[in-house]
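So the chains spell out like this:
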Amino acid sequence: MNDKQLVSQALAAVLGDALSNEAISNLLETPKKSEMGDLAFPAFSLAKSLRKAPNMIAADIAEKISSEGFEKIVATGPYVNFFLDKSATATAVLSEILSEGTAYATLDQTGDNVAIDMSSPNIAKPFSIGHLRSTVIGDALAKIYQKIGYNPVKINHLGDWGKQFGMLIVAYKKYGNEAAIRQNPISELLKLYVQINAEAADDPTVDVEARDWFLKLENGDAEALALWQWFRDESLVEFDRIYTELGVEFDSMNGEAFYNDKMDEIIDILSEKGLLTESEGATVVELEGFENPALIKKSDGATLYITRDLAAALYRKRTYKFAKSLYVVGQEQSGHFKQLKAVLKKMDYDWADDIYHVPFGLVTKEGKKLSTRKGNVILLEPTLHEAVKRAQAQIDAKNPDLPNKAAVAHAVGVGAIKFYDLKNERLNGYDFNLEEMVSFEGETGPYVQYAHARIQSILRKANFQPDAVAGKTLALTDDESWEIIKLLQAFPDVIARAARTFEPSAIAKYAINLAQAFNKYYAHTRILDENAEKDARLALAYATGIVLRESLRLLGVDAPEEM
Ligand SMILES: NC(=[NH2+])NCCC[C@H](N)C(=O)O
């Protein structure tokens, strides 16, 4: 039973039918000052039904309530303040973590699938920082949902279809160099793409040619298909290297092209339901409350991004029978996903309500916007390598004899980039600053990893065995350990909130708080001193280590034993 349940139960016993258990639990507040206890119940909402002043009600409750399991329960003005029994709470929380290990806070499997559209880079273009955000946020959400009992299905909706392939084919046929592309696929293809876009700005025939080639591609023209396949294969080799570095895997690599033969059905359904209209030669679905209709087919018959997304949504519902379907895609595509949901609703799919666009903000570099088309990009592979190099340099300085230095540097460097991304609320963009990310100080991944490693070193020194303290009273009552106990107890709630709001940042912030609380404790307390509380202190360190490691794991970040 957690602290909220304990308090709600005690309150329910005195309140009778006045409020439901759930209503009580929703009213509970966490006081800002610890002098006001651990939880507070405001009596305002009862004033009407009980025809009494809130202060009186609070006083009545405090008098009648059983304080079993609490240190004390007192009324302060209109609030009833609950002070948990510190030793009982510490023993209960620590014993639970000791016996469950990293399974602490894991919920039973529901068997429900959650589809997660994530990463989804575009073929023949660099893997951008936006795609990194999508990959890292999506991967964390997959782990978080798994933790609370869902089965995540990670889908990489590759951008491997669309008019840009027409552009690329035109560029390749004009200036392409096969050997150069084989050597350096994405940067060569990007050069072609930048060049042809510049040319198209002055010469409208380029655009006409590009449309022509894309249409050929959609109609299965052999030359167009062969070039497309080649660009795709070469790009995927590079993307796979990045996924290996990041340690991220997918359940499906079905990109946009996969839906090429599944769009006719969508058009049929739309037409049967009478939803299609003609607008300037194009086929559209009119949407009330939207500035523009959803453009389904261009006048030349070519399909669009949203047409493929409609086919993908239906395919995913049929294939995975998802309980939720998430799209981790930049905020700039909000309009697209609003349209997508609106069209699905018009098609009478009630599961359109289970579709969530999970948007995120832009990353800047030295305050400036990045742009693929202008060639102003952060190239991910060299950046990851640089992060690992910087991590290695810090380890060399701090702990030159560390075994497995290269592996630890990799975990720290890559983990630092992921953590920095995830600690920001999704919608907030951030400035990409590698030095800050990889720093061991501040609110960073390495800071949390270091706290975890410090704990492991203490436990090794003490030769701590969790089984040896199981079943003992683990009473700790000092303020610093109480801070930690309360954080440990809150872990399941934090995970639930992260899942509900699609915010891995809730877990990253929590991990920072827990690491800070532990470092404060460590500065105040001699954990290894031989006295009566030593077992409890070690149990506290151990439990903190478990929860830090599990928090990092949920964020896709490794926790080295030593660093
Ligand atoms: N189902 C989707 N539309 N997923 C997101 C695709 C993202 C797209 N490839 C881009 O880079 O902008």
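Residues numbered from 1 in each chain as written. Predicted model: local features only at pLDDT ≥ 70, side-chain atom pairs only at ≥ 80, totals over all residues. Heavy atoms only, no water.

Notes on unusual backbone geometry
The backbone phi angle of aspartate 348 is positive, close to 70°, even though this residue is not glycine. Looking at the element boundaries, aspartate 348 is found in the loop between helix H14 (334-346) and strand S10 (355-358). Owing to a relative accessible area of 58%, aspartate 348 belongs among the exposed residues under this scheme. Notably, asparagine 463 is not glycine yet its phi reads approximately 50°, a positive angle. In this fold, asparagine 463 is placed in the loop between helix H18 (445-462) and helix H19 (466-469). (Helix = DSSP H or I, 4+ residues; strand = E, 2+ residues; numbered from the N terminus. Buried < 20%, exposed > 50% of the residue type's maximum accessible area, 1.4 Å probe, protein only.)

Some points on the pattern of salt bridges
Two side chains bearing opposite charge may form a pair once their charged atoms approach each other closely. Applying the stated criterion across every chain yields a total of 31 salt bridges. For lysine 262, the salt bridge goes to aspartate 261, with nearest N and O atoms at 2.9 Å. What makes lysine 262 partly exposed here is its relative accessible area of 24%. Ionic pairing is found between glutamate 265 and arginine 318, a salt bridge with its closest N-O pair at 2.6 Å. Taken together, the residues span a long stretch of sequence, with glutamate 265 in helix H12 (residues 263-272) and arginine 318 in helix H13 (residues 305-320) at a distance of 53 residues. When its relative accessible area of 33% is taken as the criterion, glutamate 265 is described as partly exposed. Salt bridges sharing common partners tie together Asp139, Lys143 and Lys154. (Salt bridge = Lys/Arg side-chain N within 4 Å of Asp/Glu carboxyl O.)

Concerning the side chain of lysine 418
Take lysine 418: it is sitting in helix H16 (residues 405-423). Buried and without a salt bridge, lysine 418 has aspartate 139 as its closest oppositely charged side chain, separated by 4.7 Å. Leave out the neighbours within four places in its chain, and lysine 418 touches Val136, Leu246, Val248, Leu555, Gly556 and Val557. (Lys, Arg positive; Asp, Glu negative; His and termini not counted. Contact = heavy atoms within 4.5 Å.)

Quick notes on the nonpolar core
Within the largest apolar cluster, 157 residues are counted, with the highest numbers of intra-cluster contacts made by Leu11, Phe41 and Leu488. In terms of residue count, the dominant contributor to this core is helix H22 (residues 534-554) (12 residues). Ranked by size, the runner-up nonpolar core spans 34 residues in total, among them Ile267, Val285, Ile306 and Ala352. (Core = buried A, V, L, I, M, F, W, Y, C linked by side-chain atoms within 4.5 Å.)

Observations regarding the site of the ligand
Every residue close to the ligand is listed here: Asp117, Ser120, Asn122, His131, His157, Tyr305, Asp309, Tyr327, Val329, Gln333 and Phe337. Between asparagine 122 and the ligand, the recorded distance is 2.7 Å, taken from a side-chain N or O atom to a nitrogen atom. Notes on the ligand: free accessible area 350 Å², of which the protein chains cover 89%. Grouping the constituent residues of the shell around the ligand by class yields 4 nonpolar, 5 polar and 2 charged. (Near = heavy atom within 4 Å. Polar contact = N/O pair within 3.5 Å; in protein donor to acceptor, adjacent residues only side chain to side chain. Areas by Shrake-Rupley, 256 points an atom, 1.4 Å probe, with all protein chains shown as cover. Nonpolar A, V, L, I, M, F, W, Y, C, P; charged D, E, K, R; others polar.)

Quick look at the sheet that holds strand S7 (residues 282-285)
Paired through backbone hydrogen bonds, the strands of a sheet run either parallel or antiparallel to each other. A sheet is described by the order of its strands in space; here 3 strands give the open sequence S6-S7-S8, paired in antiparallel fashion. Of all strands in the sheet, those with a lone pairing partner are strand S6 (276-279) and strand S8 (294-297), marking the two edges. Sheet twist, expressed as the average angle between the axes of neighbouring strands with direction ignored, equals 45°. Of the pairings in the sheet, the one linking S6 to S7 comprises 4 bridges and is antiparallel in character. Each residue of the ladder has a partner; that of leucine 276, found in S7, is valine 285. (Pairing = 2+ DSSP bridges. Axes fitted to C-alpha atoms, helices over the stretch in contact; angles between N-to-C directions.)

Some words on the sheet that holds strand S1 (residues 39-42)
The 3 strands are arranged S1-S3-S2 in an open sheet whose pairing can be described as antiparallel. Two strands in the sheet have a free side with no partner beyond their single neighbour: S1 and strand S2 (70-76). Between one strand axis and the next, the sheet turns by 20° as a mean value, whatever way the strands run. In this structure, S2 lies alongside strand S3 (residues 79-84), joined through 6 bridges in antiparallel fashion. Each residue of the ladder has a partner; that of alanine 75, found in S3, is valine 80. Sitting on the sheet, helix H1 (residues 3-15) is in contact with S1, S2 and S3, with an inclination near 35° to S1.

Observations regarding the packing of aromatic side chains
As enumerated under the stated definition, the model contains 26 aromatic pairs in all. Pairing phenylalanine 127 with phenylalanine 239 gives two aromatic rings, centres 5.8 Å apart and planes at 65°, and the pair type is edge-to-face. A residue pair is termed long-range when its members are at least 10 positions apart, and phenylalanine 127 in the loop between strand S4 (113-117) and helix H6 (129-147) and phenylalanine 239 in helix H11 (residues 222-246) qualify at 112 residues. Grouping residues by exposure puts phenylalanine 127 and phenylalanine 239 together as buried. Residues tyrosine 145 and tyrosine 150 carry aromatic rings whose centres are separated by 5.3 Å and whose planes lie at 70° to one another, so their mutual orientation is edge-to-face. Between lysine 262 and the ring centre of phenylalanine 258, over which it is positioned, the NZ or CZ distance is 4.0 Å. Against the face of phenylalanine 322 rests lysine 317, its NZ or CZ located 4.7 Å from the ring centre. (Phe/Tyr/Trp six-rings, centres within 6.5 Å; stacked < 30°, edge-to-face > 60°. Lys NZ or Arg CZ within 6 Å of the ring centre and 35° of its normal.)

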